[in-house]
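# Residue-level structure breakdown
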Amino acid sequence: MDIKDTARALDGAGISAFLRSLPTQPLLLGLGEARHFVAELGELRNEIFRHLVDHEGYRSFAIESDCLMGLAVDDYIATGEGTLDDVMERGFSHDFGTSPANRELVRWMRAHNEEHDEKLRFFGIDAPVEYWAASPREALTGLHALLDGPLPCSGETLDTLLGPDERWSNQAAAMDPSQSIGRSAEALRLRVIADDLVALLDTQLPRLGAEDRERAALYGRTAVGLLRYHYWMADDSPSRWTRLSALRDAMMAANLRAVAERGPALVFSSNLHLQRNKSLMPFGDQRLEWWSAGAIAATHLGDQYAFLASAFGTVGDDTPSPDTVEGILSTLPWDQSLIDAGRLAEAVPQAAPRVSQDFAYFPLDPAQLHRADGLVFLKQAVRLKKLG
């Protein structure tokens, strides 16, 4: 099979044709990142989202960023209150607010909402974690404030149990379980309180408006998830990091399912988080393996979840070997291509795995190509932000 028969130039018509090729229109269209902070991919993502909004009825965008911080972005594009500078600083985690493509996306979404009655929504889908985790204060107190009595504890008791936020966000706990607060008496009691608050929310849903129901549900699953994550941060077993990685993706998957309820939405996150197969990652002397958020979400959504992986040819100064998938795709005549992943898997059965000199780039696994619905390929990714 000629490799060109598996691909076409990536443009709006190609995106629409790809959607028509799927069994049904997905509620979630995942666009994966092979590497964070690639300017060319961010700009292409914006073009894809604009096309989806203008021609395919998409009204939501979701990104691998703190789900609670994302509320500030959603409020801004809805109301225009505040400044773009402020929302880029407060509304993103992982330094994503510094991305020019993300800034342009937020600006465009706000401008669109000023001119249209049917509003666009913005969602963060990541848990409030890095390798360490944030305090559950915002989620717990936010949920507590939205509920009516009788409550499992007072706000004063909640504040006392939470204590200083620095105890929770101690970065040293990432590598030293003994410094984690997650199995303290206070944290264990907060886990019970969080469970009671979530159960109480179910009994009070009829009294809440749609916006409060959505926000309360977000607070509830985030509070429970964060306290669970902190509990396992205090674990000193060899499986600690595998469990923490899996818990993070499970929280992301729960957020994806909530976004799907307002679909269709474009989701932008790492390939590792959106792929249907297990995620594998070297971590020190360990090899972590866990089911991704996309795999979990796809289990619930079936054909209503679709995944476009991304890959690059030249990444900075790193050029792929000609016998790798990325090397073979680099012979395509287009700078940006949209590829049928299933046909590509048939066309390159003997492709070698790429070994990239860029530690932040996650190459394609030739054995897993068929697990994606499609592939977005950029011949060059030159404008990279240095990591680490």
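That block above? That's the structure.
Residues numbered from 1 in each chain as written. Predicted model: local features only at pLDDT ≥ 70, side-chain atom pairs only at ≥ 80, totals over all residues. Heavy atoms only, no water.

What the rule picks out here adds up to 10 aromatic pairs. Relative to Trp 232, the ring of Tyr 231 lies with its centre 5.3 Å away and its plane at 80°, an arrangement referred to as edge-to-face. Residue classification places Trp 232 among the partly exposed positions, given a relative accessible area of 21%. Their ring planes at 45° and their centres at 5.0 Å tell us that Trp 241 and Phe 283 sit as a pair that is tilted. (Phe/Tyr/Trp six-rings, centres within 6.5 Å; stacked < 30°, edge-to-face > 60°. Buried < 20%, exposed > 50% of the residue type's maximum accessible area, 1.4 Å probe, protein only.)

Here we come to the packing of helix α9 (residues 185-204) against helix α10 (residues 210-233). For the pair α9 and α10, interaxial distance at closest approach is 10 Å and the crossing angle is 155°. One way to sum up the angle between α9 and α10 is to call them roughly antiparallel. Like other packed secondary-structure pairs, α9 and α10 cross with a definite hand, here left-handed. Residue-level contacts link Ala 187, Leu 188, Leu 190, Arg 191, Ala 194, Val 198 and Leu 201 of α9 to Ala 216, Ala 217, Gly 220, Val 224, Leu 227, Arg 228 and Tyr 231 of α10. For the contact of α9 with α10, a count of residues per class yields 11 nonpolar, one polar and two charged. (Axes fitted to C-alpha atoms, helices over the stretch in contact; angles between N-to-C directions. Helix = DSSP H or I, 4+ residues; strand = E, 2+ residues; numbered from the N terminus. Parallel < 35°, antiparallel > 145°, perpendicular 65-115°, else oblique. Left-handed = near helix turned anticlockwise from the far one by under 90°. Contact = heavy atoms within 4.5 Å. Nonpolar A, V, L, I, M, F, W, Y, C, P; charged D, E, K, R; others polar.)

Right, let's get into the layout of surface pockets. If you add up the space inside the second largest pocket, you get close to 850 Å³. Of all elements in the fold, only α3 (70-79), β4 (121-126), α9, α10 and α11 (240-260) reach the threshold of two or more residues within the lining of the second largest pocket. Considering each element in turn, the lining of the second largest pocket owes the most residues, nine residues, to α10. Per-class residue counts for the lining of the second largest pocket are 14 nonpolar, four polar and 12 charged. (1 Å grid on protein atoms, 1.4 Å probe; cavity = no way out; pocket = protein on both sides within 12 Å on 5 of 7 lines; lining within 4 Å. Points joined across faces, edges and corners; volume = space filled by probe spheres on them.)

With that out of the way, let us pick up helix α1 (residues 12-21). Gly 14, Ile 15, Ser 16, Phe 18 and Leu 19 are the residues of α1 that are buried. Next to the buried residues of α1 lie β1 (7-9), β2 (28-33), α2 (39-56), β8 (305-315), β9 (336-340) and β10 (374-381).

So, about the pairing of strand β7 (residues 286-291). The side chains of a regular strand alternate, residue by residue, between the two faces of the sheet. Relative to β7, strand β6 (residues 278-283) runs antiparallel, the two being bridged by six bridges. Counted as the bridge partner of Ser 279 is Trp 290 from β7. Two successive antiparallel strands, β6 and β7, enclose a turn made up of two residues, where Gly 284 displays a positive phi of approximately 65°. (Pairing = 2+ DSSP bridges.)

Here we come to helix α5 (residues 100-115). Its 16 residues place the ends of α5 23 Å apart at the C-alpha level, agreeing with the 22 Å of an ideal helix rising 1.5 Å per residue. Every buried residue of α5 is listed here: Ala 101, Asn 102, Leu 105, Val 106, Trp 108, Met 109, Arg 110, His 112 and Asn 113. For α5, the elements touching its buried residues are α2, β3 (60-66), α3, α4 (84-90) and β4. (Expected span 1.5 Å × (residues − 1).)

Looking now at the pairing of β10. Taken across its eight residues, β10 has six buried, putting it largely inside the fold. As paired strands, β8 and β10 are joined by seven bridges and run parallel to one another. Each residue of the ladder has a partner; that of Val 315, found in β10, is Ala 381. Sheet topology places β9 next to β10; five bridges connect them, and they run antiparallel. Residue pairing for β10: Leu 338 is matched across the bridge by Val 376.

This part covers the pattern of salt bridges. Note on pairing: side chains with opposite charge can pair once their charged atoms come close. Inspection of every chain in the model, using the stated rule, returns 22 salt bridges. Between Asp 95 and Lys 385 there is a salt bridge; the shortest N-O distance is 2.3 Å. Linking Asp 95 in the loop between α4 and α5 with Lys 385 in the segment after β10, this pair joins segments that are 290 residues apart in sequence. The salt bridge involving Arg 287 is made with Glu 289; its shortest N-O contact spans 3.9 Å. Its relative accessible area of 35% is what places Glu 289 among the partly exposed residues. (Salt bridge = Lys/Arg side-chain N within 4 Å of Asp/Glu carboxyl O.)

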